[in-house]
Amino acid sequence: MEVRIEDLVKRFDDVVAVNKVNATFESGKLIALLGPSGCGKSTMLNMLSGIMPVTEGKIYFDDRDVTMLSPDKREVGLVFQNYALYPHMSVLENICFPLKIKRVPKAERIEKAKEYARMVHIDDYLDRLPKELSGGQQQRVAIARALVKRPKLLLLDEPLSNLDAKLRVEMREEIRRIQRESGVTTVFVTHDQEEATSISDYIMLMKLGVKQQFAKTRNLYNDPANLFVADFIGNPTINQLHGIYEKGNFRPDAYENAIPIGRYQIEDGSRVVFASRPESVIVEKKNGKTVMEVEETYVSGKDTLCVLKAGDGRLRAYVDNDSAPQEKDLVSVSFRDRGVFVFNEESGERYYE
Amino acid sequence: MSKKTKRYNGGRDPDEKFETSMIGKIALFLGPFMLGIVIFTIYPFINAFLMSFKENFSILRNTFSGWGLANYRKVLNDPIFLSGLKTTIKYVVIVVPISLIISIVIAVLLNNTRRFKAILQTAYFMPLVTSTAAISLVFRFIFANEGGLINKIITTLGQTQINFLGTNRWSEFVLYIFGIWNILPFTIILLLAGLQNIDPQYYTAAKVDGAKTLDIFTNITVPLLSPTIALVAIVNSISAFKVFDYVFQLYNKPGPGYNLYTIIYYIYEKFGGTKPQYGHAAAASIVLFFIIAVFTLLQRVLQKKTNY
Ligand SMILES: Nc1ncnc2c1ncn2[C@@H]1O[C@H](COP(=O)(O)OP(=O)(O)OP(=O)(O)O)[C@@H](O)[C@H]1O
Ligand SMILES: [Mg+2]
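Residues numbered from 1 in each chain as written. Chains lettered and ligands numbered in written order. Predicted model: local features only at pLDDT ≥ 70, side-chain atom pairs only at ≥ 80, totals over all residues. Heavy atoms only, no water.

Caption draft 1: Broad picture of the overall build of chain A. Secondary structure summary: chain A contains 8 helices and 21 strands in total. Taking contacts inside chain A between residues at least 6 apart in sequence as the whole, the part at least 24 apart equals 65%. As displayed, chain A has an accessible area near 16300 Å², and 45% of this comes from carbon and sulfur atoms. (Helix = DSSP H or I, 4+ residues; strand = E, 2+ residues; numbered from the N terminus. Contact = heavy atoms within 4.5 Å. Areas by Shrake-Rupley, 256 points an atom, 1.4 Å probe, with all protein chains shown as cover.)

Caption draft 2: Region of the structure containing the environment of A:G313. All names here are of chain A. For G313, the position within the fold is in strand 18 (residues 313-320). On the accessibility criterion, G313 (22% relative accessible area) is partly exposed. Sequence separation of G313 and V79 is 234 residues, and the distance between their C-alpha atoms is 43 Å. Among all residues touching G313, those that are not within four sequence positions of it are A254 and L308. (Buried < 20%, exposed > 50% of the residue type's maximum accessible area, 1.4 Å probe, protein only.)

Caption draft 3: Broad picture of a negative patch on the surface. Side chains of A:E2, A:E26, A:D62 and A:D63 sit close together on the surface and give a patch of like negative charge. Mapped onto the secondary structure, A:D63 falls in the loop between strand 4 (56-61) and strand 5 (64-65). (Patch = residues over 30% accessible without salt bridge, like charges linked within 9 Å, V, L, I, M, F, W, Y side chains within 5 Å. Salt bridge = Lys/Arg side-chain N within 4 Å of Asp/Glu carboxyl O. Lys, Arg positive; Asp, Glu negative; His and termini not counted. Charge placed at Lys NZ, Arg CZ, Asp CG, Glu CD.)

Caption draft 4: Representation of the interface of chain A and chain B in the model. Counting residues at the interface gives 21 residues for chain A, matched by 18 residues for chain B. For the pair chain A and chain B, the two sides together bury roughly 1800 Å², of which 64% comes from carbon and sulfur. Taken as a group, A:D72, A:H88 and A:I101 account for 29% of the area that chain A buries against chain B, more than any other trio of residues on that side. At the boundary of chain A and chain B, one finds 4 salt bridges. (Buried area = accessible area lost by both parts, 1.4 Å probe.)

Caption draft 5: Here's a closer look at helix 9 (residues 200-208) of chain B. Among all positions of helix 9 of chain B, only B:Y202, B:Y203, B:A205, B:A206 and B:V208 are buried. Taken together, the buried residues of helix 9 of chain B touch strand 6 (76-79), helix 2 (91-101) and helix 4 (135-147) of chain A together with helix 8 (168-196) and helix 10 (213-241) of chain B. The positive-phi residue at the C-terminal boundary of helix 9 of chain B is B:G210, with phi of around 100°.

Caption draft 6: View of the environment of B:Q249. Residue and element names in this part refer to chain B. With respect to the helices and strands, Q249 occurs in helix 11 (residues 245-251). Since its relative accessible area comes to 19%, Q249 is described here as buried. Put simply, Q249 and I104 are 145 residues apart on the chain and 27 Å apart in space, counted from C-alpha to C-alpha. In this structure, Q249 is in contact with T132, A133, S136, R140 and F178, ignoring residues within four places of it in sequence.

Caption draft 7: Broad picture of the packing of aromatic side chains. One pass over the full model with this rule turns up 29 aromatic pairs over all chains. When the centroid spacing of 6.2 Å and the interplanar angle of 45° are considered together, the rings of A:F341 and A:F343 count as tilted. The class of A:F341 is buried, set by a relative accessible area of 3%. Members of the aromatic cluster, each reached through a chain of ring pairs, are B:F139, B:F143, B:F164, B:W170, B:F173, B:F178 and B:Y246. The ring of A:Y86 carries the charged tip of A:R145 above its face, separated from the ring centre by 4.5 Å. (Phe/Tyr/Trp six-rings, centres within 6.5 Å; stacked < 30°, edge-to-face > 60°. Lys NZ or Arg CZ within 6 Å of the ring centre and 35° of its normal.)

Caption draft 8: View of the pairing of strand 6 of chain A. Residue and element names in this part refer to chain A. Neither face of strand 6 is open: one carries V76 and L78, the other G77 and V79, and all of them are buried. Pairing of strand 6 with strand 7 (residues 153-157) involves 4 bridges; the strand directions are parallel. By the bridge assignment, G77 is partnered in strand 7 with L154. (Pairing = 2+ DSSP bridges.)

Caption draft 9: Representation of the packing of helix 8 of chain B against helix 10 of chain B. Residue and element names in this part refer to chain B. Where helix 8 meets helix 10, the axes come as close as 9 Å, and the angle between the chain directions of the two elements is 145°. Two packed elements cross with a definite hand, and for helix 8 against helix 10 that hand is right-handed. Taking contact as the criterion, the partners of I183, F186, T187, L190, L191, G194 and L195 in helix 8 are, on helix 10, T221, L225, T228, I229, L231, V232, V235 and N236. Considered class by class, the residues forming the contact of helix 8 with helix 10 number 10 nonpolar, 5 polar and no charged. (Axes fitted to C-alpha atoms, helices over the stretch in contact; angles between N-to-C directions. Left-handed = near helix turned anticlockwise from the far one by under 90°. Nonpolar A, V, L, I, M, F, W, Y, C, P; charged D, E, K, R; others polar.)

Caption draft 10: How the structure looks around the site of ligand 1. Residues and elements named next belong to chain A. Residues in close proximity to ligand 1 include F12, V15, A17, S37, G38, C39, G40, K41, S42, T43 and E158, which together make up its full environment. G40 places a polar main-chain atom, nitrogen or oxygen, 3.0 Å from an oxygen atom of ligand 1. At a separation of 2.4 Å, an oxygen atom of ligand 1 approaches a polar side-chain atom of T43. At the level of secondary structure, the elements contributing two or more residues to the shell around ligand 1 comprise strand 2 (15-25) and helix 1 (41-49). Here the shell around ligand 1 gets 3 residues from one element, more than from any other, and that element is helix 1. The residue makeup of the shell around ligand 1, split by class, is 4 nonpolar, 5 polar and 2 charged. (Near = heavy atom within 4 Å. Polar contact = N/O pair within 3.5 Å; in protein donor to acceptor, adjacent residues only side chain to side chain.)

Caption draft 11: Seen up close, the nonpolar core. Formed by 103 residues in total, the largest nonpolar core has its most connected members in A:M44, A:I59 and B:I220. Apart from residues no more than four positions distant in its own chain, A:I59 is found in contact with A:R4, A:I5, A:L8, A:M47, A:L48, A:V54, A:R64, A:D65, A:V66, A:T67 and A:R74. The next biggest cluster of nonpolar side chains, apart from the first, holds 35 residues, and it includes A:I95, A:A142, A:V148 and A:F188. (Core = buried A, V, L, I, M, F, W, Y, C linked by side-chain atoms within 4.5 Å.)

Caption draft 12: Region of the structure containing the packing of helix 4 (residues 79-112) of chain B against helix 10 of chain B. Residue and element names in this part refer to chain B. The contact between helix 4 and helix 10 brings their axes to 10 Å, and the two run at 145°. Read as a crossing pair, helix 4 and helix 10 show a hand that is right-handed. Two secondary-structure elements touch here, helix 4 through T88, I89, Y91, V92, V96, S99, L100, I104 and V108 and helix 10 through F217, T221, I229, V232, A233, N236, S237, A240 and F241. The residue makeup of the contact of helix 4 with helix 10, split by class, is 13 nonpolar, 5 polar and no charged.

Caption draft 13: Summary view of the domain arrangement of chain A. Residue and element names in this part refer to chain A. Assigned domains of chain A: these are domain 1 (3-232) and domain 2 (239-351). Residue-level contacts link 10 residues of domain 1 with 10 residues of domain 2. Summing both partners gives a buried area of about 880 Å² for domain 1 against domain 2, and 48% of it is carried by carbon and sulfur. Viewed at the interface, domain 2 and domain 1 are joined by 1 salt bridge. Linking R350 and D223 is a salt bridge whose minimum nitrogen-to-oxygen distance equals 2.7 Å. Inspection of the domain 1/domain 2 interface yields 7 residue pairs in polar contact (both at pLDDT 80 or more). Counting only elements with at least two residues in the side of domain 1 that touches domain 2, the list comes to helix 7 (217-222) and helix 8 (227-232). (Domains from an automatic or database assignment.)

Caption draft 14: Spatial organisation of the environment of A:M68. Mapping A:M68 onto the fold places it in the loop between strand 5 and strand 6. Residues A:M68 and A:P151, 83 residues apart in the sequence, show an inter-C-alpha distance of 18 Å.

Caption draft 15: Quick look at the confidence of the model for chain B. All names here are of chain B. Looking at chain B, pLDDT values average 83 and 90% of them are 70 or higher. Ignoring residues within four places in sequence, the model shows residues 1-11, a span with pLDDT below 50, making 9 contacts including any to other chains. With pTM at 0.77, the complex prediction returns an ipTM value of 0.77. (pLDDT = per-residue confidence, 0-100.)

This is how it looks when you write it as C-alpha cells:
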C-alpha cells in the first residue's frame, strides 16, 4: 500500500512537532524515518497509526483519506519502542490478540499466530510470558503481533534501541528479511544513521519537525540536499571547512592555500562551507599542493583514517593502508570531484555546479 | 559510614557502638506501639485461644473444669450460631462481588475522565470520611416507613408503601445496600491506584490492534487489574465476615426479626447479657479466625498467581 502525506502538521500548544511534511512512501518499501531526538519521528508515526490526531494536513493510504480514521480502522501494525507486549498473555496469546479482536475462530487464529511465530523464529517460546523473554525475543513477538493481522502498513518506533550492539545488527537484518518476505510497506523510526542506511530503501531525514530530505538511501549520502543532511549521514562525519568562494576557488579561513572547486552559482566573496567525505580527500606525498601535517592515524580494515591538521581545523581522510603516511608526516592534500559539496554558510543550503 | 554514624549518634563519639544506640532508639519509638499491640491484640488472642478450650469457664472466679473441645462442639451444633454463620456468609457473598463490580466500573470511568476529577474525587471520598453512624441515619431517613424518601416517591407514584426497615425481607435488602455503599469508596480508591499502575501504552497497543472500548476493558484492563481486584476482594471479604456495626447502626438489634444475626453478633451476645458464656464466645471467635485465615492464605496464592 502506498502512503501519502500532505502538508502534515502537528502542534502541541506552542511546539510544532511536525511541520508541513509532504512525502509519498512507495508500496512495499522500507522507509527509515531518521533524525535527532525530538525531531518529530514518533509524532509522525503516531499520526500514521491514528493514535494521535493530526493538527493539519492529510494522510492517504493509497487513494483513501484516512486522516480522521481511528487506529482500529487503519489496518496498521505498530511495534512500540518498548514493545508493549501484554504482560498477562503468553507469546501465543499476544500474537493471537489482534485476530481475537477480529473474532477470528480460535483454531484458525492459533494456526495463523503459529505461522507468524515461525516466521520471526519465536515458535519455541509460545507458552512463555513476555517477562520470561529477552529483549530480542520480545521484539520478535511484537513484530509477529503487528504482522499477524496482515497490516497494510507496518510501523516500527526505534525497535532496536533497547538491544545490545550485536543483537541490534542481527535484528536489523531480521527485520529486513521479514519485511521482504511479507512485502508490507514499512516505516522504521531511528535516530541512528547507520541503522537507517543499512536497513532502508528510502530515508526521510527530519530536523525540528521539518523534512530535510527524502530520498533513496544511497542518494542521501552521495547527494545531500543541505549541510544538515551531509553532516548527519556518514561515519566519520563529513569534513567541513568554512571560508569564502571566489572565482571557482574556495579560500578556507583555516589556512592559506585556495582549493579549486569549479564553477558554482555563487557570488564571489560569499561565505560558504566546503564539505568533503573522508574518502574524497586525496592524500599524497608532499608535492606542490596544499601541505598539511598528519596528526593521528587509525587503521580500520583495509583503510587507514588519517586526521590532518588543516590550520585550526581538522580534516579526516581515508587512505589505503599500503600508502598510509605516518603520524607527524607532512602530506599534500587535494579533493576528488565526487563526495565534495558546497553549502551556504548561513542557511546550509547546497550550491550546485 | 562513619559520617552516617556520627549523624545518627547525635554528635557523640563516632566509635561508640552503632547498634546499641540504635536499638535503644528503635525500642523508644516502637515501644508504645508494641505495648499496645501486645495488650490489646496478642494477649487477648492467646487468651481467647486458650479460653476456647476451657470447659465450663467462669471469668469471675477464673475457674474451669478442664481442657477440651466442648465449647466447639456446643458452638458448632448451636443452631443460632449456624444460622449466624449462614447470614454472615450470605452477606459476604452478596455484598463483596456486587460492590466490587460497581467499584470496577466506577473506577475505570473515573480513571478515564479528566474533567470533573476534583469534584468526583470529593464525591467518592465523602462516604469514607463521613462516619458510618451518620450515614446510617441518612439511610434510616431514606428508607423510613413514614416520611421516608423512597416511600414518598412510591406513594406519589400511587403504589403502597414498603416497610423497608421493619420486615425481614426488606431489612436484609437495606443492609446489603448499606454495606455496599460503605465499602465503595475504599474499594474504588484501591482500584484507582491499581488502574494508575497500568501502563497506558497497553491501551494504545490494543487500539492499534483493533480493539474497541469494551474489548480493551475485558482483555486488557480487567486482567491487568486482577492483582488489585484479588486484593480488594479478599480484604473486603475479611471485613464483611466481621459485619456487625452496620446491622447495629441501622437497627440497634440484629435486624427487625433477629434475621440479621451475624457471627460477631453471636460472639457479642455470648460475652454480654445476663448469662455470659465466655467459652462459647471464644470458640466462635476462633472459628471465625480460621475462616478469615483461609481467606488470607487464598489472597496470598491469588496474588502470586497474578503477579506479572
Ligand atoms: N504529548 C506531547 N505534548 C507536548 N509536546 C510533545 C508531546 N509529544 C511530543 N512533544 C514534543 O514534540 C516534539 C517531537 O517529539 P517526538 O516524540 O515526535 O520526537 P522523536 O523524534 O520521536 O524523538 P526521540 O528520538 O527522542 O523519540 C518534541 O519537541 C516533544 O517535546
Ligand atoms: Mg520517539
